[in-house]
Amino acid sequence: MKLFHLSDLHLGKRVSEISLIDDQKHILAFILEKVCEEKPDAVMIAGDVYDRVVPSEEAVMLFNDFLCGLVDAGTTVLITSGNHDSAERLSFGSKLMRRENVYISANFRKENYKECLKPIMLQDDFGDVYFYILPFLTPGIVKNARGCEISNWTDAMGAVIKDMNIDTSARNVFIGHQFVQGGVICESESAFVGEAERVDPSVFAPFDYVALGHLHGPQNIADNIRYCGSPLKYSFSEEKHKKSITVLELKEKGNKVITEIPLNKPLHDWRTVNIGNFGSQTYEQTNAIRSDDYICAVLTDEDYIVDAMNKLREFFPHIMKMRYDNAQTRKRDNVSQIINNVKELTPMEVFENFYKNRRNGQELTEEQRAIVKEIFESEEEE
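Attention here is on the structure that accompanies the text. On a predicted model such as this, the values are computed, not experimentally measured, just so you know.

1. Let's talk about empty space enclosed by the protein
Empty pockets left among the atoms are what a rolling probe the size of a water molecule brings to light.
Step number 1: The full count for this structure, using the stated rule, is two cavities of 30 Å³ or more.
Step number 2: By volume, the second largest cavity amounts to about 30 Å³.
Step number 3: Along its surface, the second largest cavity is lined by Leu 137, Thr 138, Pro 139, Val 142, Trp 153, Ala 156, Met 157, Gln 178 and Val 199.
Step number 4: Within the residue set of the lining of the second largest cavity, elements represented by two or more residues are helix H6 (139-146) and helix H7 (153-163).
Step number 5: A total of three residues in the lining of the second largest cavity trace back to one element, the largest contributor, which is H7.
Step number 6: Split into classes, the residues belonging to the lining of the second largest cavity amount to seven nonpolar, two polar and no charged.

Here it is as C-alpha cells:
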C-alpha cells in the first residue's frame, strides 16, 4: 500500500501582510500532479489544513479544489484537524464525503467518543490496514471526552490510544497533530509549541507508522514516528528546509519503506540576502541582485536609512523583513548573549568569570574561592 503523508498546508496564510495563496495554489497543483503520476492508495493530511480557525473564502475554495482533484485521481483521503483549524468547521459534510472516500476526523466530544476511536480500514495484497485519525488533542479535551482526570499531554494521548483496543498483529497507522518529544521546532511553530505539550513517543508503540503534523521541518522521531513537514516555507527559520512529500510504502507487517518526493520548485523561495552598505550603493549595484523571492534583507550601513523598506521594495517586491548588521547591532547582540549566559550560571560561576576577566585570566586560589563561597552562603541564609 502506497501512502502520501502531508501536513501543515496553512491555507490562507499571510506573512508581513503578503498573501501566500498563489504559492499554495502552485504547490498543491504540483502535489496533484504527483498523485496522478504515483497513484497512492491514500493521501494523509495531518492537520493545520487552514491557517486560521475561520479561514478566508479563497482558502476554503482552494482546499475544495484540492479535495476534488484528489477524489478525481481515485485516491482515498484521510484528514485530521490541527491546532490552527476548527475541528467543527473542517468536519462539515464529513458524512457525505465518506461516500467519496474522504475521511475527516470527528469532532472529539463525550457524546461521540467511541465513534472517534473507530479506525478506517483499507485493504491491499497483504491484508487489512487500520487508520486511526485523531484531531489535535489537549488534556482538557480528553478529560471532557472521557470524563476522568488527565494530568498531562502524554497521559491524555496514552489513555486515548489504550481505549482504541488496537490489534497489534495487524498493520496500524495513526494520523494526528501533536508535539512529540524529540521534535525540532522552528520560528513558525514556537508560538504554538511549549515544553508542557510534549508527548512521550512510547505511547505510539502499537502503531506501524505515526503520520504527524505540527512541526514544519521533515523529521523522524523514531522508526515508526514521522513529521512530513509543511509543503512550503513559512518563515526564515525554515530557509534551509528541504520540503517534500513523504511517501510510505506499507508491505507485510513489520516491513515499510519511507521515501520523499522533493517540493523544490516553489513559486517563491525564502532567502536572506546580504545587501551590504545600501546607502552607498549605486542603482546598478543593487539592481544586480534583484529578486522576486521572499527576502530578508541585511544592511551593513552604520547609519539608519530613512524609508529603507520602501526603497528596497523596488528591487525586492516581495521583501518580508529587513535588519541591520553593524557595530551597534553586534554590540547589542553580544550584550544579550552575555545576559542569557549569566542567567544560566550560579553566583559563584559569575564571580569566578568576573575575577578571571579582571585579572587577565588568573584563576581564584582555593583560599579565595572558599572566602567568596562563604560570603554567598551567608547572603543566601539572610
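2. Focus on the pairing of strand E5 (residues 76-80)
Step number 1: With five of five residues buried, E5 lies mostly within the body of the structure.
Step number 2: The alternating pattern of E5 places Thr 76, Leu 78 and Thr 80 on one face and Val 77 and Ile 79 on the opposite face, and all of these are buried.
Step number 3: Remark: the strand E4 (residues 42-46)/helix H2 (residues 57-72)/E5 crossover connection has right-handed handedness.
Step number 4: When E5 meets strand E6 (residues 102-104), the two strands line up parallel, connected through three bridges. Residue pairing in the sheet places Leu 78 in a bridge with Tyr 103 of E6.

3. A closer look at the packing of H6 against H7
Step number 1: It is at 9 Å that the axes of H6 and H7 come closest, and there the two elements cross at 40°. Taken together, the axis directions place H6 and H7 in an arrangement best described as oblique. Crossing handedness for the pair H6 and H7: left-handed. On H7, the residues touching Pro 139, Val 142 and Arg 146 of H6 are Trp 153, Ala 156, Ala 159, Val 160 and Asp 163.
Step number 2: For the contact of H6 with H7, the residue count by class is six nonpolar, no polar and two charged.

4. Looking at unusual backbone geometry
Step number 1: Although it is not a glycine, His 10 sits at a positive phi angle of roughly 50°.
Step number 2: Its location among the elements puts His 10 in the loop between strand E1 (2-6) and strand E2 (14-15).
Step number 3: Under the relative-accessibility criterion, His 10 is labelled buried at 3%.
Step number 4: Phi at Glu 17 takes a positive value of approximately 65°, unusual for a residue other than glycine.
Step number 5: Looking at the element boundaries, Glu 17 is found in the loop between E2 and strand E3 (18-19).

Definitions and limits used
Here, residues in each chain are numbered from 1, in the same order as that chain's written sequence. This being a predicted model, a pLDDT of at least 70 is required before a residue's local features are given, and a value of 80 or more before pairs of side-chain atoms are given or counted; all residues contribute to the totals for chains, interfaces and linings. Computation of side-chain values: all heavy atoms of the structure, hydrogens and water removed. The definitions used throughout rest on a 1 Å grid laid over the protein atoms alone, on which a cavity is an enclosed set of points accommodating a 1.4 Å probe that cannot get out and a pocket is an open set flanked by protein within 12 Å on both sides along at least five of seven lines; lining residues are those having an atom within 4 Å of a point. Grid points are joined across faces, edges and corners, and a volume is the space filled by probe spheres set on the points. Helix numbers and strand numbers start at the N terminus; a helix is a DSSP run of H or I with at least 4 residues, a strand a run of E with at least 2. The nonpolar class holds Ala, Val, Leu, Ile, Met, Phe, Trp, Tyr, Cys and Pro. Asp, Glu, Lys and Arg form the charged class, and all remaining residues, Gly among them, are polar. Partly exposed residues are those whose accessible area sits between 20% and 50% of the maximum for their type, while under 20% is buried and over 50% is exposed, using a 1.4 Å probe and protein chains only. Note on handedness: a crossover is taken as right-handed if, strands pointing away from the viewer, the path from the first strand over the helix to the second is clockwise. If DSSP finds at least two bridges between two strands, the strands pair. Axis definition: a line fitted to C-alpha atoms, limited for helices to the stretch in contact. Angles are taken between N-to-C directions and run from 0 to 180 degrees. By the definition adopted for this analysis, an angle is roughly parallel if under 35 degrees, roughly antiparallel if over 145, roughly perpendicular if from 65 to 115, and oblique otherwise. It is the rotation of the near helix from the far one that decides the hand of a crossing: anticlockwise by less than a right angle makes it left-handed, clockwise makes it right-handed. Note on definitions: a residue-residue contact is assigned when non-hydrogen atoms from the two residues lie within 4.5 Å.

In short, geometric facts, not functional conclusions.
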